[in-house]
Structures are given as C-alpha cells and as structure tokens.
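This is what each chain is made of:
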Amino acid sequence: MRALAREIDGLELPAIEKLSESTQEDPFQVLIGTLLSARTQDATTAAASERLFARASTPQVMRTLTVKQIEKLIYPVSFYRHKAKHVKETCAILVDTFGGVVPGKMEELLTLPGVGRKTANLVLILAFKSVKNICVDTHVHRISNRLGWVKTHLPDETEQALYESTEARWWPTINLYLVTWGQNVCRPVYPRCGECVIAKWCPRVGVTKRGRTGRIGGTGRMGRTDE
Ligand code: SF4
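Residues numbered from 1 in each chain as written. Predicted model: local features only at pLDDT ≥ 70, side-chain atom pairs only at ≥ 80, totals over all residues. Heavy atoms only, no water.

Caption draft 1: Examining the site of the ligand more closely. If you check the shell around the ligand, you find Arg146, Cys186, Pro191, Cys193, Cys196, Ile198, Ala199, Cys202, Arg204 and Val207 and nothing else. Partitioning the shell around the ligand into residue classes produces eight nonpolar, no polar and two charged. (Near = heavy atom within 4 Å. Nonpolar A, V, L, I, M, F, W, Y, C, P; charged D, E, K, R; others polar.)

In structure tokens, the structure reads:
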C-alpha cells in the first residue's frame, strides 16, 4: 500500500474522488455522483454530474426536476433511465425522511433507491470521513483477488474478507489506491505486470494475459497497451 501511495501520486484520480474534492466533500453530491458512476466511464460521470449539479445542487431543488429532465441532464451515463428515477426518488426520501440531508449511517443509506454497499461505503468514507469502511468496486474486487489478499467471487464477499485480511489503517484508502491502479496498470484484461511496482509481492492469481509495456503517465491514461 505504501508503494502504491507513492506511485499513484500524479495519476488521474477516480471521478468521485475529484468530485468529492471539488465540492468540499458534500455528502449529497458525492452520493448522487456515485449513483451516476456505476458501470460508466469516469469522464462521462464527471460531465453528467457537472450538468446535473449546475441545474440542481441540493435534494430540495433536484426533487422538483422531472425524471425526463434528469434523464436529459445525465445522458449518456449507463442505465440513465433507471438512474434518473433513482435520483428523483432518493431526493424525495432525503427531503421527506431525513430532513434534506444525507444520513451518515450504513443502514439508513441502504434504504435509498439504487444505493448498495459500494455506494454507501464510498459516501461514508469520502463525505463522512469514516475510517471503518472499505468500498469494494470491480477494481478492488479484481485486484484484491489477483494479489491473493482474498479469495472471493463477489464484491460483497470481498469487502468482508478484506476487513479480515488487511490492516484497518488502510481501509479508507484501499478504494482510491486500487481503483487508480486498476484504471492505469492492473487493467481487467491485460494487466501491465511488467511495469507494476507491486509485482514482487503479487502472485497474479488468475492472470493469464499481460499487456504490452507503455508509459504510465501523469494524465492517468495508459500509453496504450490493450491488445
Ligand atoms: S503484478 Fe500484475 S496482476 Fe499483480 S497487481 Fe501488478 S498488474 Fe496487477
């Protein structure tokens, strides 16, 4: 983790980390941005979030938008119709049930439409500065298994296994480090093991193909390597 911390310095941060920084960790914008980010490229998430928050940056205002208006603002994020509906319903629940603020407890966050453990954990870590949560997305799940930290089939299993196999001091940063590494080096299909600073500790569990070498740039983009 220390090696990763050094290496990701200067790489492009994941979209929600940047959103969190730019909004001073506003829980509402972190929550909605995370909802939009599922199965969506970072650049698309960032642009959609910017359009939506320019129009409505609080649940009170956002709930007054129609689902169609939200769809138009967030298009082309994946599943934009479902997400628009969830955003609208979430805003109504925040206003009617939680006094217009995002709740800071896991069990309350999970009552919101479209919010699962991944989203709830990220909101707790970024917006509420929790040090007791690990956010597991597809990158964290994949890399944790490749590194041999866990042996799991589903992200929720990975989250629970990581609480057992990793030191608590790293829990809040596991997502940031592994997502950044997963977007730049430990890619899903052709990981760049030949340039990986943690290769000497990695048993590469399940890795059958490797990418060609290329620059790991300050822009966070690969020099090009997928074959
Ligand atoms: S050595 Fe390869 S599989 Fe292991 S973390 Fe690095 S890129 Fe991923």
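Caption draft 2: The arrangement of helix 6 (residues 67-74) in detail. Ile70, Glu71, Leu73 and Ile74 are the residues of helix 6 that are buried. Buried residues of helix 6, seen end-on, are gathered within an arc of 165 degrees and therefore sit on one face of the element. Of the exposed residues in helix 6, the ones pointing more than 90 degrees away from its buried face are Lys68 and Lys72. Contact partners of the buried residues in helix 6: helix 3 (27-37), helix 4 (42-55), helix 5 (59-62) and helix 7 (80-97). (Buried < 20%, exposed > 50% of the residue type's maximum accessible area, 1.4 Å probe, protein only. Helix = DSSP H or I, 4+ residues; strand = E, 2+ residues; numbered from the N terminus. Arc of directions from axis to C-beta. Contact = heavy atoms within 4.5 Å.)

Caption draft 3: Region of the structure containing the pattern of salt bridges. Taken as a whole and assessed by the stated rule, the structure comprises eight salt bridges. We note a salt bridge from Lys68 to Glu71, for which the minimum N-O separation is 3.2 Å. A residue pair is termed a helical-turn pair when its members lie 3 or 4 positions apart in one helix, as Lys68 and Glu71 do in helix 6 at three residues. The class for Lys68 is exposed, based on a relative accessible area of 51%. Of the charged contacts, one joins Glu89 and Lys85 as a salt bridge, the two residues approaching to 3.3 Å between their closest N and O atoms. Of this pair, Glu89 and Lys85 both sit in helix 7, four residues apart, which is roughly one turn of the helix. (Salt bridge = Lys/Arg side-chain N within 4 Å of Asp/Glu carboxyl O.)

Read these as geometric descriptors, not functional statements.
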